[in-house]
Amino acid sequence: MPTWRTSSGATLVRTLQKRSFRNLTSELSPDAIVCTPECPEWANQTLRWSTWSAPTFNMVFIPAEEEDLRIGLEYMTSHNISFLAIGGGHGTSIQLGELHGAVAINMENFNYAVMNPDGTLKVGGGAKFGDIYPVVHEAGRELTLGNCPCVGATGAVLGGGHGRLQGKHGLSADAVTSARVVLWDGSVVEASATENADLFWGLRGAGHNFGIVTELTLNTWPQENDGMHYNAAMEFTSDSLEGILATINDIIPNQDPALALDMFFYTNPETFTPVITLNVVYAGPREIGEEYAARFATSPSNYTNSHITRVSINETLIAWDELPHVIANGLIDMACIDGAATNIYSSSTARFDIPHTRQLFDAYVAFVEGNPLAVLSLVFYEVFAQQGVLAQRAEDTAVGNREYANVLALVQAIYTNQSVADAGDAWAREWRDQLFEPEHSGYDRPAVYLNYAHGDEAPETFYGYEPWRLERLRRLKQQYDPRGYLLVFGGQELAPLQFLEIARNGLRNKTKFSGPWTPAEDDKLRHAVLMHGTKWTKVSEEVGSRNGDQCWKRWHDNLDPQIDHSPWTGEEDAVLLQMVQETGRNWRDIVNKNFPNRTPLSAKNRYGLLQRRQDNNGDYSSSSEREPSFTPTPGPHAVPTPTTEMIRASDMHSGTRLSTTSSPFAFDLSGDLTATNMNTQDIGATSTVLDESAFWPIGVPGANSDSLSRRFLDMPTQSDIRLSEGDFESAAEIVPDRSKALHVTVSCNAGRLEEVMHHISKNMSEMMATGEIQRVEYSVE
Ligand SMILES: Cc1cc2nc3c(=O)[nH]c(=O)nc-3n(C[C@H](O)[C@H](O)[C@H](O)COP(=O)(O)OP(=O)(O)OC[C@H]3O[C@@H](n4cnc5c(N)ncnc54)[C@H](O)[C@@H]3O)c2cc1C
């Protein structure tokens, strides 16, 4: 038999998506664009500011107008397709990297900024800061905006929006008076103090969670000093650090609302010398700005007893809209260059712990020396005034921890060569973790600005510690995004940690029962996972006695057959102890990297046991105490593991027969595939069931090989292919290796293969659309 091999699994995905979108494109306005990887613009369309932990897409959708977006969202969510709105593409988070095969919704056609006669400003959901400065400046107005011209304004404002003018006008989110939002199901709503006021509350600070914003309206204020700002970029010798920090600490408690300080530790990539640079911007008269700059002049004229040697100063009086391009001698403007990997860990602090900052500086220098390929790495501090931020009543917006944000510190590992990725991550994380400590931050608890969060922090660190805040956000989430399409950087099970908490509690039923799981409940859970995969709301409904969160946890901590329940070996113990010592107690990270089949809970328990042993005997290796262990409740068979993605193209195998863990159910495809309603008897007449019980391991009514194959073949087809018996010889194995993942192997006459694949992919497309399967792995022989 001739052999024909597919180019890659991704081809099938694209085929499916093109098919899925065929009907859609006819409804869109002529200027809307649907771009697949074959588009000449694909690389540009999917390029992000940072390649670190970047999401991957199989399609870019560029709506031309709100109605396109509305139709697109309605279509995508009714077909269970994940999506992510893209503004400026500057978002970074570990969870972004967990989003695969989604549709990128490029908001570039919503890039307008218009001043209204009443002094308010309308900003399109795709405008970047650079689109807004000139419009507002031209009107003689100002408001708090971010520093970097190419950052998406809506992406920033929805998370709070922090900027140099916040001492005068508060956060950008505080200036929002209304928003227009397309919700997940395509409905369009307005949110303001008088309309959908709860949504309006959530949009200002946690706004990425509730819908795609097509337009914001913001307050602006008349400019002072004719919109001219004093700007001084200064460089210092490394031994000036203590003097600079002492001076800034002196300024912070009574920081002038118009004063903004940016400090960088970076490395000159040509000479490899470390540089300390400080930028003073004063939104007011030059003389006052000069006074602040003078505090950082070479000793003895500075305001502290510590030594300062200022190497250079570059002073300008510059128009507000030009500032972003010149401040810090153009360093901020350089942040518009896309494509490097930037892994950011951030913490907010009350002031500088001077000896600790010296240690951080020295560690930074050592890190770059040891990892020259990470020479672009830097540490960045923003010290903006707080009066305007604190003037806003904290309970009126979803911005959390307002009073915990005097200094925003960003430790950034930047590189273009992956070989330094791990070292960069360890370095940046270590210093962020230290900065979270009260002794270094000056705050009693960790805090981070949401838009600078790495993604591994507890939600309270950016949404605020008052319990009512998370509760309110959970309720809102349930109301405005009940199916979890907008979990900032991905779908429900790809949720970033900061929102997963909300998703788990907001999207799933309230606790029904507590206490240990019974064997009967475990059996129900196995069956429910088999039937519904990772749709935990549905799983919970079927189990009946537990909420989605409990089901999720029970599955991932205990029942998933891939979990290794064997006793920990001495070798594993040693690795575990070493990892905790080196990287801290990030159990998920530790198991992912070292024990992929063990659970974070098991690692945590094991470590606790080892510690207790050491406390008791001074020896980790004693086995005087039993490890709390999981004994799987007896179930008839193991069940497949659910996948968490809808489609992960990179996971797909091509051209090879897939190995499977369970015996395949095989059947013969040599019948007439145009049959629209092939019933059980049809299948029975042509199929050879090898081992039904092995194929569908749980002996639960409704879950058997027959039902799956029937669903597959019963799909009505509009295909014009007519394949009659004898036309080709074929054999297809459909193997549910993991729940919701279908492995298909097709053998047939080469001349008809394309048609056969067309037919099969159409059926799969429909099964994916209905959520019956979430992933297809296939090979052709
Ligand atoms: C170089 C640099 C400078 C920065 N400077 C500042 C600053 O001065 N002040 C500040 O506050 N922050 C700043 N940030 C952080 C910035 O606010 C966040 O990175 C923000 O998420 C970027 O938004 P974006 O649209 O560019 O990114 P994207 O990656 O396109 O979007 C980020 C998130 O916002 C969502 N989103 C974007 N547009 C919409 C929309 N219209 N409706 C709904 N959701 C949307 C996306 O879906 C995604 O979840 C900076 C970041 C970088 C990298």
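For the structure, check the block above.
Residues numbered from 1 in each chain as written. Predicted model: local features only at pLDDT ≥ 70, side-chain atom pairs only at ≥ 80, totals over all residues. Heavy atoms only, no water.

Enquirer: Tell me about the sheet that holds strand 4 (residues 102-106), and name the residues and values.
Expert: Strand order in the open sheet formed by four strands is 1-2-4-3, with mixed pairing between adjacent strands. Strands at the two margins of the open sheet, each flanked by one partner only, are strand 1 (33-35) and strand 3 (83-86). Sheet twist, expressed as the mean angle between neighbouring strand axes with direction ignored, is 20°. (Pairing = 2+ DSSP bridges. Helix = DSSP H or I, 4+ residues; strand = E, 2+ residues; numbered from the N terminus. Axes fitted to C-alpha atoms, helices over the stretch in contact; angles between N-to-C directions.)

Enquirer: Tell me about the pattern of salt bridges, and please be specific about residues and values.
Expert: Where charged atoms of side chains with opposite charge meet at close range, the side chains can pair. In total, this model carries 28 salt bridges according to the counting rule given. Measuring nitrogen to oxygen at the nearest pair gives 2.9 Å for the salt bridge that ties Asp456 to Arg432. Of this pair, Asp456 sits in the loop between helix 16 (438-441) and helix 17 (460-463) while Arg432 sits in helix 15 (residues 421-436); the two residues are 24 residues apart in sequence, bridging distant segments of the chain. Classification of Asp456 by relative accessible area gives partly exposed; the value is 23%. A salt bridge links Lys477 to Asp481, with the shortest nitrogen-to-oxygen separation between them at 2.6 Å. (Salt bridge = Lys/Arg side-chain N within 4 Å of Asp/Glu carboxyl O. Buried < 20%, exposed > 50% of the residue type's maximum accessible area, 1.4 Å probe, protein only.)

Enquirer: Talk me through the nonpolar core; I want residue IDs and the actual numbers.
Expert: Among the nonpolar cores identified, the biggest contains 143 residues, and Ile248, Met263, Leu278, Val280 and Trp427 are the most heavily contacted of them. Top element by residues in this core is strand 18 (residues 407-415). It accounts for eight residues. Contact partners of Ile248, with chain neighbours within four places excluded, come to Leu261, Met263, Leu278, Phe296, Phe352 and Val383. Among the nonpolar cores identified, the runner-up in size contains 12 residues, and Trp568, Trp587, Phe595 and Tyr607 belong to it. (Core = buried A, V, L, I, M, F, W, Y, C linked by side-chain atoms within 4.5 Å. Contact = heavy atoms within 4.5 Å.)

Enquirer: Account for the packing of helix 8 (residues 197-206) against helix 18 (residues 467-480), with residues named and values stated.
Expert: One way to put it is that helix 8 packs onto helix 18 with a least axis distance of 10 Å and a crossing angle of 115°. In terms of axis orientation, helix 8 runs roughly perpendicular to helix 18. Crossing handedness for the pair helix 8 and helix 18: left-handed. Mapping the contact onto sequence places Asp198, Leu199, Trp201, Gly202 and Ala206 in helix 8 and Trp468, Arg469, Arg472, Leu473, Leu476, Gln479 and Tyr480 in helix 18. Grouping the constituent residues of the contact of helix 8 with helix 18 by class yields seven nonpolar, two polar and three charged. (Parallel < 35°, antiparallel > 145°, perpendicular 65-115°, else oblique. Left-handed = near helix turned anticlockwise from the far one by under 90°. Nonpolar A, V, L, I, M, F, W, Y, C, P; charged D, E, K, R; others polar.)

Enquirer: Any details on the site of the ligand? Residues and values, ideally.
Expert: Of all residues adjacent to the ligand, which total 32 residues, the nearest are Arg48, Ala85, Gly87, Gly88 and Tyr449. Interatomic distance of 3.0 Å between a backbone N/O atom of Gly125 and a nitrogen atom of the ligand. Interatomic distance of 2.6 Å between a side-chain N/O atom of Tyr449 and an oxygen atom of the ligand. Out of a free accessible area of 950 Å², the ligand has 94% covered by protein chains. Elements with a minimum of two residues in the shell around the ligand: strand 3, helix 5 (153-158) and strand 10 (212-218). Partitioning the shell around the ligand into residue classes produces 15 nonpolar, 16 polar and one charged. (Near = heavy atom within 4 Å. Polar contact = N/O pair within 3.5 Å; in protein donor to acceptor, adjacent residues only side chain to side chain. Areas by Shrake-Rupley, 256 points an atom, 1.4 Å probe, with all protein chains shown as cover.)

Enquirer: Could you give me a rundown of the sheet that holds strand 6 (residues 121-124), with the residues and numbers involved?
Expert: An order of 5-6-10-8-9 is seen for the five strands of this open sheet, with the pairing classed as antiparallel. Unpaired on one side and paired on the other, strand 5 (113-115) and strand 9 (188-192) mark the two borders of the sheet. Geometrically, the sheet is characterised by an average inter-axis angle of 15° between neighbouring strands, direction not taken into account. With six bridges connecting them, strand 8 (residues 176-182) and strand 10 associate as antiparallel partners. When the bridges of strand 10 are listed, Arg180 appears paired with Glu215. Running at roughly 50° to strand 8, helix 3 (residues 66-78) makes contact with strand 8, strand 9 and strand 10 of the sheet. Strand contacts of helix 4 (residues 129-138): strand 5 and strand 6, with the helix running at about 15° to strand 5, the strand carrying the most contacts.

Enquirer: Give a description of the side chain of Arg432 that names residues and reports values.
Expert: Of the residues examined, Arg432 reaches a relative accessible area of 4% and is grouped as buried. Looking at Arg432, its side chain comes within polar contact range of the side chain of Asp433, at 2.8 Å. One polar contact links Arg432 to Asp456, side chain to side chain, over a distance of 2.9 Å. The residues touching Arg432, leaving out its near neighbours within four places in the chain, are Tyr345, Ser346, Ser347, His454, Asp456 and Glu457.

Enquirer: Hey, could you go over the environment of Ile105 for me, with residue numbers and the actual values?
Expert: Locating Ile105 in the fold gives a position in strand 4. Setting aside residues up to four positions removed in sequence, Ile105 forms contacts with Phe61, Pro63, Leu69, Leu73, Met76, Phe83, Leu84, Ala85, Ile86 and Ile212.

Enquirer: An account of the pairing of strand 9 is requested, with residue identities and associated values reported.
Expert: Residues in a regular strand project their side chains so that they alternate between the two faces of the sheet. Pairing of strand 8 with strand 9 involves five bridges; the strand directions are antiparallel. Of the residues in strand 9, the one forming a bridge with Ser178 is Ser192. Where strand 8 folds back onto strand 9 in an antiparallel hairpin, the turn is made up of five residues, including Gly186, whose phi is positive at roughly 95°.

Enquirer: Summarise helix 10 (residues 286-294); cite the residues concerned and give the values.
Expert: Burial in helix 10 covers these residues: Gly289, Tyr292 and Ala293. Take helix 10 and look down its axis: the buried residues cluster within an arc of 100°, on one side only. Pointing more than 90 degrees away from the buried face of helix 10 are the exposed residues Glu287 and Glu291. Those residues of helix 10 that are buried lie in contact with strand 12 (228-236), helix 9 (241-251), strand 13 (259-267), strand 14 (274-282) and strand 15 (310-319). (Arc of directions from axis to C-beta.)

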